Amino acid sequence: MKRILIALLKPLSFLPALLMMYTIFSFSSQTGTESSALSEKVTRGIVVTVNRVTDRGWNSQQVEQRVDRYEYYVRKAAHMTEYCLLAVTIALPLYVYGLRGMSLMLLAGIFCILFAAGDEYHQSMVDSRGPSVRDVGIDSLGALIGILLVRIFSWIALGGHTRKRR
């Protein structure tokens, strides 16, 4: 009975990856104006929070200058984070299915890179958006971080850190 339940539930382990792909696709479907407004809003929230928490005393003009200065970096960090999460949600189910080592890294990595390239192509059809090879590189770096996190977590969870080397 347990084996039947596991066999039925295993394919569901890919649902978080599908949800992450949908989320990325949704963000890429935003027009350039909508995407910029969202990035600016998030950046402003970060700058205002830093100003309050660290008691910097920035006036509204200084806040705006920092929002303008850091918006690009916040946007690129969002790209990396999306693809880090995508890689994790792809690598974990592959690990459950028995993929390990370099095979896991290659399959999850290639999938994420292809998805990033497809996402950039999709953006070329959205108003005020365009494809960017740089973004594919940033997305790929985020995916690599996610895959490495899965490998490290799996190694620790399986007791790899306590095994003696031969």
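Structure: see above.
Residues numbered from 1 in each chain as written. Predicted model: local features only at pLDDT ≥ 70, side-chain atom pairs only at ≥ 80, totals over all residues. Heavy atoms only, no water.

Asks: Even after reading the chapter, I still don't get the pattern of salt bridges, so can you show me in this structure?
Replies: Any two side chains of opposite charge can pair, on the condition that their charged atoms come close. Applying the stated criterion across every chain, the model contains three salt bridges. R44 is the partner of E40 in a salt bridge, and the nearest nitrogen-oxygen pair spans 3.2 Å. Linking E40 with R44, this pair stays in helix α3 (residues 32-53), spanning four residues, or about one helical turn. Given a relative accessible area of 31%, E40 falls into the partly exposed group. Residues R44 and E64 are paired through a salt bridge, measuring 2.5 Å at the closest nitrogen-oxygen approach. Of this pair, R44 sits in helix α3 while E64 is found in helix α4 (residues 60-96), placing the two residues 20 residues apart along the sequence. (Salt bridge = Lys/Arg side-chain N within 4 Å of Asp/Glu carboxyl O. Helix = DSSP H or I, 4+ residues; strand = E, 2+ residues; numbered from the N terminus. Buried < 20%, exposed > 50% of the residue type's maximum accessible area, 1.4 Å probe, protein only.)

Asks: Explanation requested: the packing of helix α2 (residues 15-28) against helix α5 (residues 101-123) in the structure shown.
Replies: To characterise two packed helices, one gives the angle between the axes of the helices and the distance between these axes. As a packed pair, α2 and α5 sit with axes 10 Å apart at the nearest point and diverge in direction by 25°. When the axes of α2 and α5 are compared, the pair comes out roughly parallel. Our pair here, α2 against α5, has a crossing hand that is right-handed. For the pair α2 and α5, contact is made by M21, I24, F25 and S28 and by F111, F115, D119, H122 and Q123, respectively. For the contact of α2 with α5, the class distribution of residues is five nonpolar, three polar and one charged. (Axes fitted to C-alpha atoms, helices over the stretch in contact; angles between N-to-C directions. Parallel < 35°, antiparallel > 145°, perpendicular 65-115°, else oblique. Left-handed = near helix turned anticlockwise from the far one by under 90°. Contact = heavy atoms within 4.5 Å. Nonpolar A, V, L, I, M, F, W, Y, C, P; charged D, E, K, R; others polar.)

Asks: Just to check I follow, could you spell out the nonpolar core for this structure?
Replies: A general feature of soluble globular proteins is that nonpolar side chains tend to end up buried together. Counting residues in hydrophobic clusters, the biggest one holds 20 residues, and the most contacted among them are L86, I90, A108 and C112. When contributions to this core are tallied by element, the ones reaching two or more residues are α2, α4, α5 and α6 (133-157). Among the elements that take part in this core, α4 stands out by supplying seven residues, more than any other. (Core = buried A, V, L, I, M, F, W, Y, C linked by side-chain atoms within 4.5 Å.)

Asks: Where do I start with unusual backbone geometry in this structure?
Replies: Most of the time, phi is negative for any residue but glycine, and the peptide bond is trans. Located in the positive-phi region is D55, a residue other than glycine, with phi close to 55°. Among the secondary structure elements, D55 is positioned in the loop between α3 and α4. At S128, a residue that is not glycine, the phi angle is positive and equals roughly 65°. With respect to the helices, strands and loops of the structure, S128 is situated in the loop between α5 and α6.

Asks: Help me understand the side chain of D135 in this model?
Replies: As for its position among the elements, D135 is in helix α6. Look at D135 and you get buried, because its relative accessible area is 7%. A polar side-chain atom of D135 sits 2.6 Å from a polar atom in the side chain of K76. Those residues within four positions of D135 in sequence are excluded, and the remaining contacts are K76, H79 and E120. (Polar contact = N/O pair within 3.5 Å; in protein donor to acceptor, adjacent residues only side chain to side chain.)

Asks: I tried to follow the packing of α2 against α4 on my own but got confused; where do I start?
Replies: Remark: α2 packs on α4, axes separated minimally by 8 Å, with the N-to-C direction vectors making an angle of 155°. Considering the angle they form, α2 stands roughly antiparallel to α4. Seen along the crossing, α2 lies across α4 with a hand that is left-handed. Counted together, P16, A17, M20, M21, I24 and F27 of α2 and E82, Y83, L85, L86, T89 and I90 of α4 form the full contact between these two elements. Taken together, the residues of the contact of α2 with α4 sort by class into 10 nonpolar, one polar and one charged.

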